[in-house]
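Structural characterization, general
If you want the building blocks of each chain, they are given just below.
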Amino acid sequence: MIGKIFHSIANRTAALSMKLLFGYSSRIYVVDCEHINRTGGFLLASNHISHFDPPIISSVARRKIDWMAMAEFFPIPGLGHFLRAVDAFPAARDRADRKTIRSAIERLKDGRIVGVFPEGGIRDGARSLLGGAPLRPGASTLAHMAGVPIVPCVILGSDRLYAKRNWLPLRRTPVWIAFGQAISHFPELEKSVARARIEQELADGFQRLYAELRRKFQLTRDDLPHPPRERMRSQPKNPRRRLHRAAANAVDFAMCVSMNLVQSRHRLNGRSAEEMDRYVVECEKLTPHEYYAAPKDVGLVAAIQNANGSSLTWRSPIETEFPRNNVARADFFPCGRGKAAPTVFMLHALMSATHIGYRRWAARFNELGWNACFVHLPYHYSRVPRGHWNGELAITADLIRNAEGLRQGVIEVRQLIGALRDNGYSEFGILGTSYGGWIGALLAMVERDLRFVALMCPIVNVEHAIWQNPGTAFMRRELRRAKIAPELVARHFHLSSPLHNEPACDPARVLFVSGDFDLIARPADIDAIQQKWRGSELLRVPQGHFGYRVMRETVTRLKERGF
């Protein structure tokens, strides 16, 4: 009787202590908690990235979890008594222990939850089941023998608690946990088939939960699992980096203020909610390939064939209310190899100040054996309507004009690619910055045959760009005044937001470049799309959204990769 009372007190004390401890140290975000609070006995299978995983997961469950823990912990004075007091039981990692299996089955059949880590230890990277490593067969065998379902669980962020600084007051390190739907033990199938089916369902469940957490919380590479030793290393203070961050933030903030002032100069207010709704309804019927379909321009093909100077002009297939914007233009800089050389399209940033820098980079590409093509994007350079500034009409509170401008830019580049192909040019690369990077990412969604796509500080998360970006505060005010809701705008993301789509070209040919201190194209958004476009590469550069270092390092990386 006394033993039962002590055992109950120990369990409750441990549960309360864990809730208080991790409530102080962490912000825990839970997805689909109802799956862990289901009734009856079941096996809880989780990935394992830190020693903190069992108590953190237990702290968010209403029911008690009996964890299967490493046998090496139990002989340790104090720790072994604590583990037994909370109903954990030992498991050998290198062999099947009949006593452990029998204890687990008894608990499961008694209607309890048994927690296991199918990886057999703490894992990260390619060694982790999240990285595609195979599962150990113990979990599927145990579930089938006990005749109970398995609930998959993915935990991220707990490995950062190895760093002492993350235990300081008010740091509250974020931890993300997702629980999946229960997986049957398939009693109707033959034993070996059932176990193989459980393993496959469990592996797929882990990948779905992992992808859901990354997408839902827009997790960065730093949020994903790292080795404990790497987390324990203290980060040296770098006054120079702090200075760079402060300077970059000041420049970004000043440019955001300028963008808002430019938008308010002509009070470029948008359309009504009814107009926006009609436009979105029509767009919802289209796929990206239909929306960005590029009609062949015979005149453009002939202009390239006749080589009428370095400037190419043609009638844009998108008609706008501004005649100057309806004439597309690109400056072509051929290298000595001519048609035998690949061609890089340089897509400039929003309201880019001058084309001189791009001409210098065109000469640099010519030296490297590439043709270069500088595209005048809609409402920029030669296409600026009278009475307006360079690029000020490209992004305003008129979301329909914004979308059609992006569409215009993508289609015109596709027309250029098609016309060059008709003239014997065969390989193409995209080099886009900011707004140009946005158009470059949209091109990657519809163009399959690209040698490389280098996107520097691209706008990839349209939701953030409209509703949170500091450079669009005036736009948001006008949208709210017009009663245009985020839900309405989101219905166009399948055409305009790269983060909500997949590339048509090989992701291995995509290079994302993010600025560590960027306030506009947030590093978190670049990390998120790089993770989604599996196989793409991410290059980090210590600058803000506006700066010249990103171009130098991007070209250097392209040369290293042999592009």
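Before any of the text, the structure's been laid out above.
About the thresholds
Residues numbered from 1 in each chain as written. Predicted model: local features only at pLDDT ≥ 70, side-chain atom pairs only at ≥ 80, totals over all residues. Heavy atoms only, no water. Helix = DSSP H or I, 4+ residues; strand = E, 2+ residues; numbered from the N terminus. Buried < 20%, exposed > 50% of the residue type's maximum accessible area, 1.4 Å probe, protein only. Contact = heavy atoms within 4.5 Å. Pairing = 2+ DSSP bridges. Axes fitted to C-alpha atoms, helices over the stretch in contact; angles between N-to-C directions. Disulfide = S-S within 2.5 Å. Phe/Tyr/Trp six-rings, centres within 6.5 Å; stacked < 30°, edge-to-face > 60°. Lys NZ or Arg CZ within 6 Å of the ring centre and 35° of its normal.

**Structural notes on the side chain of Q543**
Positionally, Q543 belongs in the loop between β15 (537–541) and α20 (549–560). Residue class for Q543 comes out buried when judged on its relative accessible area of 7%. Excluding residues within four positions of it along the chain, Q543 makes contact with A248, G515, D516, F517, D518, Y548, R549 and V550.

**Thoughts on the sheet that holds strand β9 (residues 327–333)**
Read from one edge of the open sheet, eight strands run β8-β9-β11-β10-β12-β13-β14-β15, paired in mixed fashion. In the strand order of this sheet, the two ends are held by β8 (311–315) and β15, each with one partner. Averaged over all adjacent pairs, the angle separating strand axes in this sheet is 20°, with direction ignored. Pairing analysis gives five bridges linking strand β14 (residues 510–515) to β15, with the strands arranged parallel. Following the sheet pairing, S514 is matched in β15 by R540. Taken strand by strand, helix α14 (residues 435–446) contacts β10 (343–347), β12 (428–433) and β13 (452–456), and its axis lies near 145° from that of β12.

**Focus: the state of the cysteines**
One covalent bond between the sulfur atoms of two cysteine residues makes up a disulfide. Under the criterion given, the structure shown has zero disulfides. The structure places no disulfide on C33, whose sulfur is separated from the nearest cysteine sulfur, that of C153, by 10 Å. By relative accessible area, C153 is classed as buried at 0%.

**Comments concerning the packing of aromatic side chains**
Inspection of every chain in the model, using the stated rule, returns 16 aromatic pairs. Ring centres of W67 and F117 lie 5.1 Å apart, and the angle between their planes is 10°; on these two criteria the pair is classed as stacked. A residue pair is termed long-range when its members are at least 10 positions apart, and W67 in strand β3 (residues 65–70) and F117 in the loop between β5 (113–116) and α5 (138–146) qualify at 50 residues. Each member of the pair W67 and F117 is classed as buried. Aromatic ring contacts, followed pair by pair, group F22, F52, Y162 and W167 into a single cluster. A cation over an aromatic ring shows up here: R214 above the ring of Y210, its NZ or CZ 4.4 Å from the ring centre. One cation-aromatic arrangement involves R407 over Y291; the distance from NZ or CZ to the ring centre is 4.5 Å.

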